[in-house]
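# Understanding the architecture of this molecule
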Amino acid sequence: MDNAPEELVIVGAGPAGLATAGVARQLGMNPLLLDRQSAPGGAWARMRPAMRCLSPRQRDRMADGSFPAGGQERATAAEVLSWLQQTAAKASFRSHFETEVSGLRLDPGMTLETSAGAIAARRLVVATGEFDHPWQPKLPGVFGGISVHSSTLDADQCAAGERVVVVGSGNSAAEVIGLLLGRGCHITLAARTLPPPPPRPSGPLLEALRWRLSGLPVAWMPARGGCQDHAPALDP
């Protein structure tokens, strides 16, 4: 690769990286995207295709104003992935895929160490996301059954009548429970606290207001809106 300093290097070609690249181009920059995968999409390329987003699809937009296409209110992971790949193809950002960043040197200047060689840069944005390293607690004792993280669960491998323990009560747990109940499994939910009851149905105006309020910075909310360290579950 050319060692001439890049104006802007973005590590990660998922939603955050593509959005950053779109805004950077609007500001007159010519960003370079790096990603260790073979195509854009980030973690969405590894999610269950039928998984649905929490937010209405029209609320998820790129710098060009586009959002995932589809008929239902909330997009599936497959629709989001298709949209991200179409966005990247339309924008034709300069990109190096199957390129892993292993280090960063700051003297002299800023240089990224990558699997394809060193890249000098004037600006750097790390957009590698927060969902690439699922956390699995180390539980005491010995369990001889199958143990998987929700991100790699294949519900088709669970038989009717099988007993399954779901650890956690967030969005992933709710989705997994729905899938496994549909397979006829018997579910036990293990969690520190029970999830709050879903909000009562409201009219379109109140629903739109609730959605806009949910986007306010947490620091503005009384008692932080009850949010501690993790994103709240907003979808009933």
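What this report covers is the structure whose coordinates are included nearby. (Residues numbered from 1 in each chain as written. Predicted model: local features only at pLDDT ≥ 70, side-chain atom pairs only at ≥ 80, totals over all residues. Heavy atoms only, no water.)

### Here's the deal with the overall build of the protein
Counting its secondary structure elements, the protein contains four helices and nine strands. Listed by position from the N terminus, the elements making up the protein come as β-α-β-α-β-β-β-β-β-β-α-β-α. The buried share among the 236 residues of the protein stands at 26%. Long-range pairs, those at least 24 residues apart, make up 53% of the contacts in the protein with a sequence separation of at least 6. Of the roughly 15,700 Å² of accessible surface on the protein, a fraction of 57% belongs to carbon and sulfur atoms. (Helix = DSSP H or I, 4+ residues; strand = E, 2+ residues; numbered from the N terminus. Buried < 20%, exposed > 50% of the residue type's maximum accessible area, 1.4 Å probe, protein only. Contact = heavy atoms within 4.5 Å. Areas by Shrake-Rupley, 256 points an atom, 1.4 Å probe, with all protein chains shown as cover.)

### Observations concerning the sheet that holds strand 3 (residues 94-96)
Taken together, four strands build an open sheet; the order of strands is 3-2-1-7 and the sheet is parallel. Taken across any chain shown, the strands that pair with only one partner, and hence form the sheet edges, are strand 3 and strand 7 (124-126). Between one strand axis and the next, the sheet turns through 20° on average, direction left out of account. Of the strand pairs in this sheet, strand 1 (residues 9-11) and strand 2 (residues 32-34) are connected by three bridges, and their pairing is parallel. Of the residues in strand 2, the one forming a bridge with V9 is L32. (Pairing = 2+ DSSP bridges. Axes fitted to C-alpha atoms, helices over the stretch in contact; angles between N-to-C directions.)

### Structural notes on the environment of G71
Within the secondary structure layout, G71 lies in the loop between strand 2 and helix 2 (77-91). Along the chain, G71 and R57 lie 14 residues apart, while their C-alpha atoms are 9.7 Å from each other.

### Quick notes on the sheet that holds strand 6 (residues 117-120)
Pairing is antiparallel in the open sheet, where three strands are placed in the order 4-5-6. Each end of this open sheet is capped by a strand with a single partner; those strands are strand 4 (101-105) and strand 6. Between one strand axis and the next, the sheet turns through 25° on average, direction left out of account. Sheet topology note: the strand 4/strand 5 (residues 111-114) ladder contains four bridges and is antiparallel. Opposite R105, over in strand 5, you have T111 as the bridge partner.

### Observations concerning the pattern of salt bridges
Two side chains that carry opposite charge are able to pair once their charged atoms sit near each other. All chains considered together, the criterion is met by seven salt bridges. We note a salt bridge from E100 to R36, for which the minimum N-O separation is 4.0 Å. Here R36 lies in the loop between strand 2 and helix 2 and E100 lies in the loop between strand 3 and strand 4, a separation of 64 residues in the sequence. In this structure, E113 engages R105 in a salt bridge whose closest nitrogen and oxygen atoms are separated by 2.5 Å. The exposure class of R105 is partly exposed, given its relative accessible area of 38%. (Salt bridge = Lys/Arg side-chain N within 4 Å of Asp/Glu carboxyl O.)

### Section: the nonpolar core
Judged by nonpolar contacts, the single largest core of 20 residues is most densely connected at I10, L18, L33, W44, V80, L84 and F93. Broken down by element, the residue count for this core peaks at seven residues, all from helix 2. Those residues in contact with L84, other than ones at most four positions away along the chain, are P15, L18, G41, W44 and M62. Counting ten residues, the second largest nonpolar core, distinct from the first, contains V164, A173, I177 and C185. (Core = buried A, V, L, I, M, F, W, Y, C linked by side-chain atoms within 4.5 Å.)

### Overview of helix 1 (residues 15-26)
Its twelve residues give helix 1 an end-to-end C-alpha distance of 17 Å, which sits within 8% of 16 Å, the value for a rise of 1.5 Å per residue. Taken together, the buried positions of helix 1 are occupied by G17, L18, A21, G22 and A24. Within helix 1, the buried residues cover an arc of 165° as seen down the axis, which keeps them to one side. The inward-facing, buried residues of helix 1 abut strand 1, strand 2 and helix 2. (Expected span 1.5 Å × (residues − 1). Arc of directions from axis to C-beta.)

These figures capture arrangement, not role.
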